[in-house]
Amino acid sequence: MALLELNDVHTYYGNIHALKGISITVEKGEIVTLIGSNGAGKSTTLRTISGITPPRQGQVVLEGQRIDQIPAHKVVNLGVLQSPEGRRIFPRLSVRENLEMGAFTRTDKENSGPDMERGWGLFRRWKGRASQYGGTLSGGEQQMLAIGRALMGRPKVLLLDEPSMGLAPVLVEQIFNIIKDINAQGTTILLVEQNALMALGIAHRGYVLQTGQIVLADSAKALSENETVQKAYLGME
Ligand code: ATP
């Protein structure tokens, strides 16, 4: 049984048919990436999974249980956590408090210690910055903090929306290394990215989304060697 499954999902914004029958599976332990250009429906796919824009047709299934009729705040409690595009951290809370906020969905709050350590592990280069306000961090640091915060909720699946957005290349590299580490420590990840090259570099499998439809699905390696993908998404001629 797949950890997460989308079966023939159709999602609308009013009359706009944003997802036109997409099917995706994410197995436990994988990094699966969803690539595609602007407006293809990548963010909508994540919003559909997390219950923010529920599908009008089709199913979203987590560990064999349908979650597409469940409100977003309850989907979070089931272990589907998203680190949002635009890295919305709490600017007036400290780094430590931001991480602690990530544990609020947990039912076993008293056991959050090991995860806090794990969260800190991501920030090992920033010793002594626990009390610094989140808002004073650089863009890349805020992105890392947002991911660390989501991890504190001990996700079954972590949904990442454009973690590389707006970051300098050196930071993009760091963020992708962190995502790889998080996965190696056991977290399943669904990664939405416009930076297809980096995403395919760390993912196990990928899907290409085009105007609301899946047009290609394969191993990350096969996709990165696919001529159409290379031309359209990897900037190769
Ligand atoms: P981007 O990388 O630009 O976020 P995307 O692949 O994530 O692109 P979506 O944001 O999912 O694409 O958008 C898919 C389609 O749905 C687009 O045609 C977009 O215009 C439309 N859309 C997205 N959000 C809304 C909204 N709130 N209301 C109406 N239409 C929307």
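Look up: the structure comes first, before these words.
Note that the coordinates shown come from a computational prediction; the quantities given were computed from them, not determined experimentally.

Cut-off values and rules
Residues numbered from 1 in each chain as written. Predicted model: local features only at pLDDT ≥ 70, side-chain atom pairs only at ≥ 80, totals over all residues. Heavy atoms only, no water. Helix = DSSP H or I, 4+ residues; strand = E, 2+ residues; numbered from the N terminus. Contact = heavy atoms within 4.5 Å. Near = heavy atom within 4 Å. Polar contact = N/O pair within 3.5 Å; in protein donor to acceptor, adjacent residues only side chain to side chain. Areas by Shrake-Rupley, 256 points an atom, 1.4 Å probe, with all protein chains shown as cover. Nonpolar A, V, L, I, M, F, W, Y, C, P; charged D, E, K, R; others polar. Salt bridge = Lys/Arg side-chain N within 4 Å of Asp/Glu carboxyl O. Buried < 20%, exposed > 50% of the residue type's maximum accessible area, 1.4 Å probe, protein only. Core = buried A, V, L, I, M, F, W, Y, C linked by side-chain atoms within 4.5 Å. Pairing = 2+ DSSP bridges. Axes fitted to C-alpha atoms, helices over the stretch in contact; angles between N-to-C directions. Parallel < 35°, antiparallel > 145°, perpendicular 65-115°, else oblique. Left-handed = near helix turned anticlockwise from the far one by under 90°. Right-handed = clockwise from strand over helix to strand, strands pointing away.

(A) Structural detail: the environment of Ala203. If you trace the backbone, Ala203 turns up in the loop between α7 (196-202) and β9 (205-210). Counting along the chain gives 20 residues from Ala203 to Asn183, while the straight-line C-alpha distance between them is 9.7 Å. Sequence-distant contacts of Ala203, defined by excluding residues within four places in its chain, comprise Ile31, Thr33 and Ala220.

(B) Spotlight on the site of the ligand. Lining the immediate surroundings of the ligand are 14 residues, of which Asn38, Gly39, Lys42, Ser43 and Thr44 lie closest. Ala40 places a polar main-chain atom, nitrogen or oxygen, 3.1 Å from an oxygen atom of the ligand. Its free accessible area being 620 Å², the ligand has 63% of it covered by the protein chains. Ranked by the residues each element gives to the shell around the ligand, the list is headed by helix α1 (residues 42-49), at four residues. Here the shell around the ligand is built from residues that sort into four nonpolar, seven polar and three charged.

(C) Spotlight on the pattern of salt bridges. Scanning all chains against the criterion turns up six salt bridges. Residues Glu30 and Arg205 are paired through a salt bridge, measuring 2.7 Å at the closest nitrogen-oxygen approach. Placement of Glu30 in the loop between β2 (16-26) and β3 (31-35) and of Arg205 in strand β9 is noted, with a sequence separation of 175 residues between them. For Glu30, a relative accessible area of 11% gives the class buried. Note that Glu141 and Arg129 form a salt bridge whose closest N and O atoms lie 3.1 Å from each other. Note that Glu141 is positioned in helix α5 (residues 139-152) and Arg129 in the loop between α4 (113-121) and α5, a separation of 12 residues in sequence.

(D) Expanded view of the nonpolar core. Formed by 28 residues in total, the largest nonpolar core has its most connected members in Leu158, Ile179, Ile189, Leu191 and Val229. Contributing elements (two or more residues each) for this core: β3, α5, β7 (157-161), α6 (169-184), β8 (188-193), α7, α8 (220-225) and α9 (227-233). Among the elements that make up this core, the one with the highest residue count is α6 (six residues). Beyond its immediate stretch of four places on either side in the chain, Leu191 contacts Val32, Thr33, Leu34, Leu160, Pro163, Phe176, Ile179, Ala199 and Ile202. In this structure, Val9, Val60, Ile67 and Leu190 belong to the second largest nonpolar core, which totals 24 residues.

(E) Region of the structure containing the sheet that holds strand β5 (residues 65-66). Spatial ordering of the open sheet is given by β2-β1-β4-β5, a layout of four strands whose pairing is antiparallel. Edge positions in the sheet fall to β2 and β5, since each has one partner strand and no second. Looking at chain direction, strand β1 (residues 4-13) and strand β4 (residues 57-62) are connected through five bridges and run antiparallel. What sits directly across from Leu6, in β4, is Val60. Each of β1, β2 and β4 touches α1; the most contacted strand, β1, lies at about 110° to it.

(F) Representation of the packing of α5 against α6 within the structure. Where α5 contacts α6, the two axes come as close as 10 Å, and the packing angle between them is 15°. By the angle class used here, α5 and α6 are roughly parallel. When the axes of α5 and α6 are compared, the crossing they make is right-handed. Within the contact between the two elements, α5 uses Gly140, Gln143, Met144, Ile147 and Leu151 and α6 uses Leu171, Gln174, Ile175, Ile178 and Ile182.

(G) Focus on the pairing of β7. Of all the five residues making up β7, five are buried; the element is thus mostly covered by neighbouring parts of the structure. Burial along β7 is two-sided: the residues Val157, Leu159 and Asp161 and Leu158 and Leu160 are all buried. One ladder, built from four bridges, connects strand β6 (residues 80-83) with β7; its direction is parallel. What sits directly across from Leu81, in β7, is Leu158. The pairing of β7 with β8 spans five bridges and is classified as parallel. Counterpart to Leu159 in the pairing with β8 is Leu190. Read from β7 through α6 to β8, the crossover connection turns out right-handed.

(H) Molecular detail of the sheet that holds β9. The strand order across the open sheet built from six strands is β6-β7-β8-β3-β9-β10, with neighbouring strands paired in mixed fashion. Among the strands making up the open sheet, the edge pair consists of β6 and β10 (213-219). Neighbour to neighbour, the strand axes of the sheet diverge by 20° on average, direction disregarded. As judged from the six bridges shared by β9 and β10, these two strands associate in the antiparallel manner. Considered in β10, the bridge of Gln210 is made with Gln213. Strands in contact with α5 are β6 and β7; relative to β6, the strand with the most contacts, it is inclined by about 170°.

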